[in-house]
Amino acid sequence: MPVNLVAPEAHSLLPVAGVELGVAEAHVRKPNRKDVLVVKLAEGTRVSGVFTLNRFCAAPVVLCKQHLAAGTGIRALLVNTGNANAGTGDDGLVRARQTCEALATALQCSPEQILPFSTGVIMEPLPAERIIAGLPQAIANLKADNWAYAAEAIMTTDIVAKGVSRQLEIGGNTVTVTGIAKGSGMIHPNMATMLGYIATDAAVSQPALDALIQHAVNRSFNCITVDGDTSTNDALVLLATGQAGHAELTEADADYLALREVVTEVAVLLAQAIVRDGEGATKFMTIQVEAGQDEAECRQIAYAIAHSPLIKTAFFASDPNLGRILAAIGYAGVADLDVSKLKLYLGDVLVAEQGGRAASYVEADGAAVMQQAEILVRVVLGRGDASATVWTCDFSYDYVKINADYRS
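Residues numbered from 1 in each chain as written. Predicted model: local features only at pLDDT ≥ 70, side-chain atom pairs only at ≥ 80, totals over all residues. Heavy atoms only, no water.

Engineer: Hey, could you run me through the overall build of the protein chain in this one?
Structural biologist: For the protein chain, the count of helices and strands is eleven helices and 15 strands. Whereas a compact globule of 408 residues would reach a radius of gyration of roughly 22 Å, the protein chain reaches 22 Å, a difference of no more than 12%. Dimensions along the principal axes, computed over C-alpha positions, put the protein chain at roughly 70 × 50 × 40 Å. Of the roughly 16,300 Å² of accessible surface on the protein chain, 50% is carried by carbon and sulfur atoms. Charge centroids of the protein chain, computed over 30 positive and 44 negative side chains, lie 4 Å from each other. (Helix = DSSP H or I, 4+ residues; strand = E, 2+ residues; numbered from the N terminus. Rg over C-alpha atoms; globule rule 2.2 N^0.38 Å. Areas by Shrake-Rupley, 256 points an atom, 1.4 Å probe, with all protein chains shown as cover. Lys, Arg positive; Asp, Glu negative; His and termini not counted. Charge placed at Lys NZ, Arg CZ, Asp CG, Glu CD.)

Shown next as structure tokens:
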């Protein structure tokens with residue numbers, strides 16, 4: 001089961017003025033499951049997105065970038081699960097365009113005003129005809145309070161739907177931020193196979209919205225890893241409908257910073273939920289590297305720890321085989337690292353210092369921490385003021401079973 005994670009209750013995911021969501025069962029890959037989502041946006045909604053850096057990016061990622069660059073204004077998102085439409089060549093682009101054209105006709109807008117998203121099995125032709133056949137059902141289902149169903153409709157190997165809402169006051173008006181995400185495996189930074197959608201009714205200029213999503217993603221989705229595999233389909237989209245009733249925000253406004261803090265909080269909680277629901281996960285681990293020369297080297301060391309199969313399996317076994325962490329720090333690639341200045345903590349327990357086992361360390365103390373479902377690993381480098389945090393999970397038997405049986 002996911003680590004300290006439950007699906008959000010429907011009433012906890014707050015409607016965002018200017019956003020309607022509708023779901024359908026289109027049998028994209030399997031029957032009797034929600035697998036198509038339409039998100040209809042009020043005219044004038046500003047949209048910003050960040051996408052996978054995988055060079056084998058999926059057809060919908062290509063089209064999303066093109067449609068955003070066209071600058072005609074986005075009126076809807078179209079999401080399908082069960083098929084990634086990646087590794088499908090020109091045929092994948094043709095089929096993705098067909099779905100955009102069909103939804104555009106139904107909503108009376110242009111195909112360039114539709115952003116398509118897909119997630120699921122790679123290298124399989126997209127069943128565009130099934131998705132198109134499911135559109136009338138999704139459109140008829142459009143509601144402002146459908147966020148919980150939308151969160152279910154974008155799941156693949158996820159066990160738990162993921163959604164968060166927060167509110168704040170801007171200019172005497174209540175502003176809502178609601179987000180949903182999916183992801184469980186093939187999770188690695190540079191957008192982690194994840195999809196995320198965060199909407200707000202705040203009024204935000206396009207440059208400020210673009211800066212906001214970069215700030216949020218670099219402190220959330222780009223700080224998680226489950227298995228070190230960067231997906232072909234990753235995408236995070238930030239929507240601002242401008243219907244909250246306050247003046248438009250720019251980066252110079254104090255209220256913009258307040259909004260940025262709340263959007264980032266939502267993004268962090270969604271990103272952590274993906275790790276908590278990591279395929280087969282039994283432990284949620286926070287890797288915190290402190291006192292580095294710069295953030296880059298702190299991240300480098302944190303990811304070396306978070307990606308190590310030896311470390312992840314030791315945590316699953318609750319085995320304080322913590323020499324594996326020292327080894328990962330050593331091979332992380334920080335050439336001038338002075339290990340004699342380094343301190344390693346497991347929770348509050350000092351494990352290593354001065355290049356070896358701490359004199360105060362007793363393995364029973366480490367074993368007690370390893371039994372916990374949520375574990376903090378702290379590495380204090382002793383060479384500066386920079387820091388970085390990465391969230392990850394363990395590797396269990398179920399991770400292998402899930403991925404060995406994924407396509408059946």
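After presenting the structure, the write-up continues.
Engineer: What exactly am I supposed to notice about the packing of aromatic side chains here?
Structural biologist: What describes a pair of aromatic rings is the distance from one ring centre to the other and the angle between the planes of the rings. Going through the model one piece at a time under the given rule, you end up with two aromatic pairs. Judged by centre distance (5.1 Å) and plane angle (80°), the ring pair of Phe 117 and Tyr 197 falls under edge-to-face. The pair Phe 117 / Tyr 197 is uniform in exposure class, with both members buried. Ring plane angle 85° and centroid distance 5.2 Å describe the contact between Phe 316 and Tyr 397, whose orientation is recorded as edge-to-face. Highlighted residues: Phe 316 in helix α8 (residues 309-316) and Tyr 397 in helix α11 (residues 397-404), separated in sequence by 81 residues. (Phe/Tyr/Trp six-rings, centres within 6.5 Å; stacked < 30°, edge-to-face > 60°. Buried < 20%, exposed > 50% of the residue type's maximum accessible area, 1.4 Å probe, protein only.)

Engineer: I would appreciate a short explanation of the packing of helix α7 (residues 295-307) against helix α9 (residues 323-331) in the present structure.
Structural biologist: Each pair of packed helices can be described by the angle between their axes along with the distance between the axes. Axis separation between α7 and α9 bottoms out at 8 Å; the angle between their running directions is 135°. The angle between the axes of α7 and α9 places the two elements in the oblique class. In the crossing of α7 with α9, the sense of the turn from one axis to the other is right-handed. Along its contact with α7, which presents Ile 301, Ala 304 and Ile 305, the element α9 presents Ile 325, Ala 328, Ile 329 and Tyr 331. (Axes fitted to C-alpha atoms, helices over the stretch in contact; angles between N-to-C directions. Parallel < 35°, antiparallel > 145°, perpendicular 65-115°, else oblique. Left-handed = near helix turned anticlockwise from the far one by under 90°. Contact = heavy atoms within 4.5 Å.)

Engineer: Explain the pattern of salt bridges here, please?
Structural biologist: Pairs can form between side chains of opposite charge once their charged atoms are near each other. The tally for this structure, following the rule as stated, stands at eleven salt bridges. Ionic pairing is found between Glu 297 and Arg 383, a salt bridge with its closest N-O pair at 2.7 Å. Within this pair, whereas Glu 297 is found in helix α7, its partner Arg 383 is found in the loop between β14 (374-380) and β15 (386-393), the two being separated by 86 residues in sequence. With respect to class, Glu 297 is no different from Arg 383; both count as buried. One connected set of salt bridges, linked through shared partners, spans Asp 158, Lys 162 and Asp 277. (Salt bridge = Lys/Arg side-chain N within 4 Å of Asp/Glu carboxyl O.)

Engineer: For this particular structure, what's the right way to read the sheet that holds strand β9 (residues 235-240)?
Structural biologist: Read across the sheet, five strands follow the order β3-β9-β8-β7-β6 without closing on themselves; strand pairing throughout is mixed. Here the strands that pair on one side only, and so sit at the sheet edges, are β3 (46-51) and β6 (162-170). Across this sheet, the average inter-strand angle for adjacent strands is 10°, counted without regard to direction. Of the pairings in the sheet, the one linking β6 to strand β7 (residues 173-182) comprises nine bridges and is antiparallel in character. The partner of Gln 167 across the bridge, within β7, is Thr 176. Each of β6, β7, β8 (195-200) and β9 touches helix α6 (residues 254-276); the most contacted strand, β6, lies at about 170° to it. (Pairing = 2+ DSSP bridges.)

Engineer: What is the right way to read the sheet that holds strand β10 (residues 284-292) from this model?
Structural biologist: Sheet strands pair via backbone hydrogen bonds, and the direction of the pair is either parallel or antiparallel. Read across the open sheet, the six strands follow the order β13-β12-β11-β14-β10-β15; overall the sheet is mixed. Every interior strand has two partners, whereas the edge strands, β13 (356-357) and β15, have only one. Strand direction decides the pairing type here: β10 and β15, joined by seven bridges, are antiparallel. Note that in β15 the partner of Met 285 across the bridge is Thr 392.

Engineer: Just checking my understanding: could you explain unusual backbone geometry for this structure?
Structural biologist: A negative phi angle characterises most non-glycine residues, just as the trans form characterises most peptide bonds. Although it is not a glycine, Asn 32 adopts a positive phi angle of roughly 60°. Mapped onto the elements, Asn 32 comes out in the loop between β1 (19-24) and β2 (36-41). We classify Asn 32 as exposed; its relative accessible area is 64%. Although it is not a glycine, Gln 108 sits at a positive phi angle of roughly 60°.

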